[in-house]
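Summary of structural features
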Amino acid sequence: MSEKEFLSVVHDHQGIIHKICRMYRDSNEDREDLFQEIVFQLWRSYPSFNGASKISTWLYRIALNTAMASFRKNRPKVTSAEYLPDIQFENPNDAHNDRQEELFTGIRQLSDPDRALIALYLDELSYQQIAAILGITESNVGVKLNRIKIKLQKLIKQS
Amino acid sequence: MNIKELKQEWQNIVTPQLDIDRLKNMTLEKSHPVLSGIRKQLILELLGWSAFVIICFTGLDADQKPFLASVILIIVLALAMLFNAYGYQLSKELIAGPDINSSLQNRIASLRRFAFISVVLRLVLIAGVGYFLTSSLQLDLRRLMLLGVASVVLVVPLYLLIRLWSKRISRLSETLRLLEEH
């Protein structure tokens, strides 16, 4: 497949990458860096994509793997007034913004693997697909998800 | 929010839309934020060591240095530079397996290997440069003490390097442990 097709795939599925960046990084600057790293890793991995899985499943695997395996920078915390990001990850005009932020705040309190599991579950991937992406058994996916769903609901209630 | 509402909320999230040109730019190595930082650091290191070698081989006592000391210096510096290039390559390879579990396992193994060799090579570099600089000197007590102080100063960045790698590897190992646990 060509570069043009690749870019078109990433363009159509970029919502997945944006959500992952918001789940795994706290500041807009870090989210931008992670977004770029994910696109870079997708491009490097693209030649080995053989079409055995859905393109969205492959994209999820590379993006989540990148988010978990890349090193977080230790930088001083800046307020949004000090730093104006290129990419606006949160839509200030969105009426659901508060509820979405509650959801992301809850998710960010989970461990790295748990964040991946809940994202895949919320996007309606099957246990089989989740197990294949993460490299764990389907029964383990089920056990973990039951625990994470309860934990996430508690975290959101508290916030 | 119940699970159904959470799903709905998740699926209704409006995300930014970047255009194709912006995405294309992100596939380029030269515009990668981390890699460009590493590249700058490696070029500076290369320039620094090149200047050091030029000074060493054109300095006042250059003709008094034993041939073996010069060979050792060139070998340890070449090894350090080659290993830097390997490190740069490794920092590009975040995806190391067909699923996240095996990818993390392979990544941790290669980082452990890299960290170990990195520390050993740094020690070899210190020893090689130290041997070159002292090879034509008569070591008296004062010079030995100076050498001792220099060694201690050089060990500090080595300690920081070990600490940095330990921290990175243990964070990844913890992620892997949490992923595998039932």
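Sequence positions are assigned chain by chain, starting from 1 and proceeding in written order. The naming scheme follows written order: chains are lettered A onward, ligands numbered 1 onward. A pLDDT threshold of at least 70 governs which residues receive local features in this predicted model, and a stricter bar of 80 or more applies before side-chain atom pairs are shown or counted, although totals over entire chains, interfaces and linings include all residues.

Only DSSP runs of H or I covering at least 4 residues are called helices, and only runs of E covering at least 2 are called strands; the numbering of each starts at the N terminus. Looking only at helices and strands, chain A has seven helices and zero strands in total. Helices and strands appear in chain A in the N-to-C order α-α-α-α-α-α-α. In chain A, of all internal contacts separated by at least 6 residues, the share reaching a separation of at least 24 is 70%. Contact between residues is assigned whenever the C-beta positions, reconstructed from backbone atoms, fall within 7 Å.

One non-glycine residue, Glu124 of chain A, lies in positive phi territory at about 65°. Along the chain, Glu124 of chain A turns up in the loop between helix 5 (112-122) and helix 6 (127-134).

To continue, consider the packing of helix 2 (residues 28-45) of chain A against helix 3 (residues 55-69) of chain A. Helix-helix packing: each pair is described by the crossing angle between the helix axes and the interaxial distance. All names here are of chain A. Angles shown run from 0 to 180 degrees and are taken between the N-to-C directions of axes, each axis being a line fitted to C-alpha atoms and, for helices, limited to the stretch in contact. Contact geometry for helix 2 and helix 3: axes closest at 9 Å, N-to-C directions at 130°. The orientation of helix 2 relative to helix 3 falls into the category oblique. Judged by the twist between their axes, the crossing of helix 2 over helix 3 is right-handed. Of the residues in helix 3, those touching helix 2 at Leu34, Glu37, Ile38, Gln41, Leu42 and Ser45 are Leu59, Ile62, Ala63, Thr66 and Ala67. Each residue gets one label: Ala, Val, Leu, Ile, Met, Phe, Trp, Tyr, Cys and Pro are nonpolar, Asp, Glu, Lys and Arg are charged, and the others, such as Gly, are polar. Across the contact of helix 2 with helix 3, the residue classes break down as seven nonpolar, three polar and one charged. In this scheme, roughly parallel covers angles under 35 degrees and roughly antiparallel covers those over 145, while 65 to 115 is roughly perpendicular and the rest are oblique. Rotating anticlockwise by less than a right angle from the far helix to the near helix defines a left-handed crossing, while the corresponding clockwise rotation defines a right-handed one.

Residue and element names in this part refer to chain A. Axis separation between helix 1 (residues 3-24) and helix 2 bottoms out at 9 Å; the angle between their running directions is 140°. The angle between helix 1 and helix 2 places the two elements in the oblique class. Handedness of the helix 1/helix 2 crossing: right-handed. Residues Phe6, Val10, Ile17, Cys21, Arg22 and Tyr24 of helix 1 form the contact with helix 2, whose participating residues are Arg31, Leu34, Phe35, Ile38, Val39, Leu42 and Trp43. By residue class, the composition of the contact of helix 1 with helix 2 is eleven nonpolar, no polar and two charged.

Facing the 46 residues of chain A at the interface are 36 residues of chain B. Those elements giving two or more residues to the side of chain A that touches chain B turn out to be helix 1, helix 2, helix 3, helix 4 (97-108), helix 5, helix 6 and helix 7 (138-158) of chain A. Partitioning the side of chain A that touches chain B into residue classes produces 21 nonpolar, 17 polar and eight charged.

Residue placement: Ala67 of chain A occurs in helix 3. Contacts of Ala67 of chain A, omitting those with residues within four sequence positions, involve Ile20, Tyr24 and Leu34 of chain A.

Below, the discussion takes up helix 4 of chain A. Expected span of a helix: the number of residues minus one, times 1.5 Å. Helix length check: helix 4 of chain A (twelve residues) gives 16 Å between terminal C-alpha atoms against 16 Å at 1.5 Å per residue, within 8%. Exposed residues have 12 or fewer other C-beta atoms within 10 Å of their own C-beta, buried residues have 20 or more, and partly exposed residues fall in between, where C-beta atoms are placed from the backbone. When we look at burial in helix 4 of chain A, the residues that qualify are Gln100, Leu103, Phe104, Gly106 and Ile107 of chain A. Along helix 4 of chain A, the residues classed as buried sweep out an arc of 160° about the axis, all on the same side. Here the buried face of helix 4 of chain A lies against helix 1, helix 5 and helix 7 of chain A together with helix 1 (3-11) of chain B. This arc corresponds to the set of directions leading from the helix axis out to the C-beta atoms.

The subject of this paragraph is the nonpolar core. All names here are of chain A. Here a nonpolar core is just a set of buried residues of the types Ala, Val, Leu, Ile, Met, Phe, Trp, Tyr and Cys, joined wherever their C-beta atoms sit within 7 Å. The biggest cluster of nonpolar side chains holds 54 residues, and the ones touching the most others in it are Ile20, Val39, Ala63, Leu64, Leu120, Ile130 and Leu134. Sorting elements by how many residues they give to this core places helix 3 first, with nine residues. Aside from chain neighbours lying at most four places away, what touches Leu120 is Tyr60, Leu125, Ile130 and Ile133.

The subject of this paragraph is the domain arrangement of chain A. Residues and elements named next belong to chain A. Taken domain by domain, chain A holds domain 1 (1-83) and domain 2 (96-159). Boundary definitions for the domains trace back to an automatic or database domain assignment. Summarising the inter-unit geometry, the C-alpha centres of domain 1 and domain 2 are found 18 Å apart. Broken down by class, the residue content of the side of domain 1 that touches domain 2 amounts to six nonpolar, one polar and three charged.

Attention shifts here to the environment of Met1 of chain B. Residue position: Met1 of chain B is located in the segment before helix 1. Residue Met1 of chain B is classed as partly exposed on the basis of its C-beta count, with 16 C-beta atoms lying within 10 Å. Sequence separation between Met1 of chain B and Leu35 of chain B is 34 residues; the distance between their C-alpha atoms is 41 Å. Setting aside residues no more than four positions away along its own chain, Met1 of chain B makes contact with Ile156 of chain A together with Leu6 and Glu9 of chain B.

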